[in-house]
Structure formats: C-alpha cells, structure tokens
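If you want the building blocks of each chain, they are given just below.
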Amino acid sequence: MQKVVVAKGLTKRFKDITAINDITFSMEEGSFNLLVGPNGSGKTTLERLIVGLYEPTEGSVKIFGEEASAAPVSVMAKVGYVGENYGLYDNLSVISNLLFFSRLLGIEKRQALERIDKLLGMLGAEEFVKRKVSTLSRGTKQKIAVCRALLANPRLLVLDEPTAFLDPESAEKLREALAELVKEGTTVVYATQRLDELSKFNADVLVLKKGKLVGYGDLDSVVKMIRGIEIEISYLGRLSKEQEKAMKTLGGRLMGKRIVFSIGSIGKIPKLAKEAVEAGINITSITFLDYNLR
C-alpha cells in the first residue's frame, strides 16, 4: 500500500513556541486518520504542514513522495484542504465560487457543473446554489468549502474541524460521504476535538498534546491509553432546575451553555451522554478539554 503522507522528526516552531515537537508517522492510501486533541494541541499546525502551507523547522513531511512545502503543482492538484477559514469569496454566489475554483483546477465547465450538482446534493446544500456566500450561516459555508475541496476528486483530503458548525443531520451526511471517499482510495486527515466523533469512524487515531504525538494507533488502543479526561458537553436551550440537579449529581460543573466533567476514561462518555439525553438535554457536542495518559 502506498504511503501518502510520511512525517519524520517533524517539528515546527514559531519564535519561542514549539507548535509541533519531533513527531513521526505515516498515512496509507485509502486510510482515515483522525487528529485528536484539545485546543492548542497542534492539530491545525500539523495539517498546514501536511498541505505545505508551513515549512518544517526541523524534520520533514512528504506527500506522494514529495516534500509538502515544495511539492509541484501536479502533486498539489491531488490535495483538497478545508481549514479554519472557508477559502470562499463572500461577494460571489455559491455557484460562482465553485465555478471559479473549477476553472483554476482546469475542469471544463460542463463537467464542473455536473460535479458541483453532485457535491451540493451529497451534502444537502443544493438550495443555496444561487445565494451569496456572505448571506450563508457558518454551517452552510462549511458545506460549500468541503464541496470546493472535493471539486478535483483529491487523493488526499485534509479537514480541520469539518463538523464544527454543522447540524447533526448534515454532519452525518458528511461522515457518510467521507467514508465513501475512503472506500474509493482517498486518504482523509480529519482534525477534531469532539470525542463523540471518535466512534463514528473506522480510523487510525493520532492523539496530540502540546505539540507532541502522545498516542498513535487504532481506536481501541488509543482509548486504553487516555485517562483523567476533562470534557465539556455543549447543549441547546436552557436547563431546568431538575436537569441542573441531575448533571451536578453526575459530577458536572455548569458553565454557561456547557457542562464540564472530569472522568476516568473515554469509556465512561457513552453512559454520561445517555444520562444527559434521558434527562432531556439536547446535546450538540462532546469536546476534549484535557487528558492524561497511562
């Protein structure tokens, strides 16, 4: 199996801050790779190194056998990337944005229109095709950014928190679409701090903490490594007095629209989520705050 991404001793510093600290890993063709860790763990920096937006301070990261930061156009044409900002033109409509990027990629207009129609349908965003990007919600912009990244059928797709602003139905559609891409041989790199997403993919998991790769392997092996977790549950609406009492009984600390829990292991999260749902709480996400390792 071809190695699509290979990092060796990869380090990235910004002045006196080491964002990525001497990490080594590889990703095979047609693999799904989850980058997991709390805010500030280095996920975004690592993804930018993989797609060549940053040059390593030390070590190397290669994609398709080429140094990522110096890869030729023929190699970069195989890469799709959705970062923290959407990479779209606010003053243009959705269709104008996607046709513009199709032209840059050398895709003929008829083929581009067919591809755009398929991608928007896949993510449930057909109704926004004529809308200006500036009028769209963050979640819809996220969908359009994913469509843009998929225009040229990339062989390496790198996504930074792609479900952050999506409703549950849209997030599930995206996950289904990504699973199909992996079956077709696309290598996916997917950064998230949402623990509820771990069990939704058959993935290799890279756990980052303060720029270091502290866990690497399949989900079961990584779960066994992580202990002393602090998580937050985000929810919609307001909690009743009874719901507040139920969450406090489970050890939760109420902080605005979040409930923070300190738990022993990832394995306890499903039961905690189940109790919250049974109490009538409309959970939107379960997110890493911090953790320790065995």
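Residues numbered from 1 in each chain as written. Predicted model: local features only at pLDDT ≥ 70, side-chain atom pairs only at ≥ 80, totals over all residues. Heavy atoms only, no water.

Asks: An account of the pattern of salt bridges is requested, with residue identities and associated values reported.
Replies: Taken as a whole, this structure holds nine salt bridges when the rule is applied. Here lysine 271 ties to glutamate 275 by a salt bridge, and the two come within 2.7 Å at their closest N and O atoms. Here the residue lysine 271 and the residue glutamate 275 both occupy positions in helix α9 (residues 269-278), the gap between them amounting to four residues, near one helical turn. Note on lysine 271: relative accessible area 55%, which makes it exposed. Taking the relative accessible area as the measure of exposure, glutamate 275 reaches 28% and is therefore partly exposed. (Salt bridge = Lys/Arg side-chain N within 4 Å of Asp/Glu carboxyl O. Helix = DSSP H or I, 4+ residues; strand = E, 2+ residues; numbered from the N terminus. Buried < 20%, exposed > 50% of the residue type's maximum accessible area, 1.4 Å probe, protein only.)

Asks: Account for the sheet that holds strand β1 (residues 3-14), naming residues and giving values.
Replies: The strand order across the open sheet built from four strands is β2-β1-β4-β5, with neighbouring strands paired in antiparallel fashion. The outermost strands of the open sheet, each flanked by one partner alone, are β2 (17-28) and β5 (66-67). In the sheet, strand β4 (residues 58-63) pairs with β5 via two bridges, with the strands oriented antiparallel. Residue pairing in the sheet places isoleucine 63 in a bridge with glutamate 66 of β5. The strands that helix α1 (residues 43-50) touches are β1, β2 and β4; relative to β2, the one it contacts most, it runs at about 60°. (Pairing = 2+ DSSP bridges. Contact = heavy atoms within 4.5 Å. Axes fitted to C-alpha atoms, helices over the stretch in contact; angles between N-to-C directions.)

Asks: Which residues make up the side chain of lysine 141, and what values do they have?
Replies: Looking at the element boundaries, lysine 141 is found in helix α5 (residues 138-150). Although lysine 141 is buried, it makes no salt bridge; aspartate 90 carries the closest opposite charge, 4.1 Å away. Look past the residues within four positions of lysine 141 in its chain and what remains in contact with it is Tyr86, Leu88, Asp90, Val133 and Leu136. (Lys, Arg positive; Asp, Glu negative; His and termini not counted.)

Asks: Give a description of the packing of helix α3 (residues 94-104) against helix α4 (residues 109-122) that names residues and reports values.
Replies: The axes of two packed helices give the description: the angle between them and the distance between them. For the pair α3 and α4, interaxial distance at closest approach is 10 Å and the crossing angle is 130°. Of the possible angle classes, the one that applies to α3 and α4 is oblique. Relative to α4, α3 is oriented so that their crossing is right-handed. Where α3 approaches α4, its residues Val94, Ile95, Leu98, Leu99 and Ser102 are matched on the opposing element by Lys109, Ala112, Leu113, Ile116 and Leu120. (Parallel < 35°, antiparallel > 145°, perpendicular 65-115°, else oblique. Left-handed = near helix turned anticlockwise from the far one by under 90°.)

Honestly, it's all geometry; don't read function into it.
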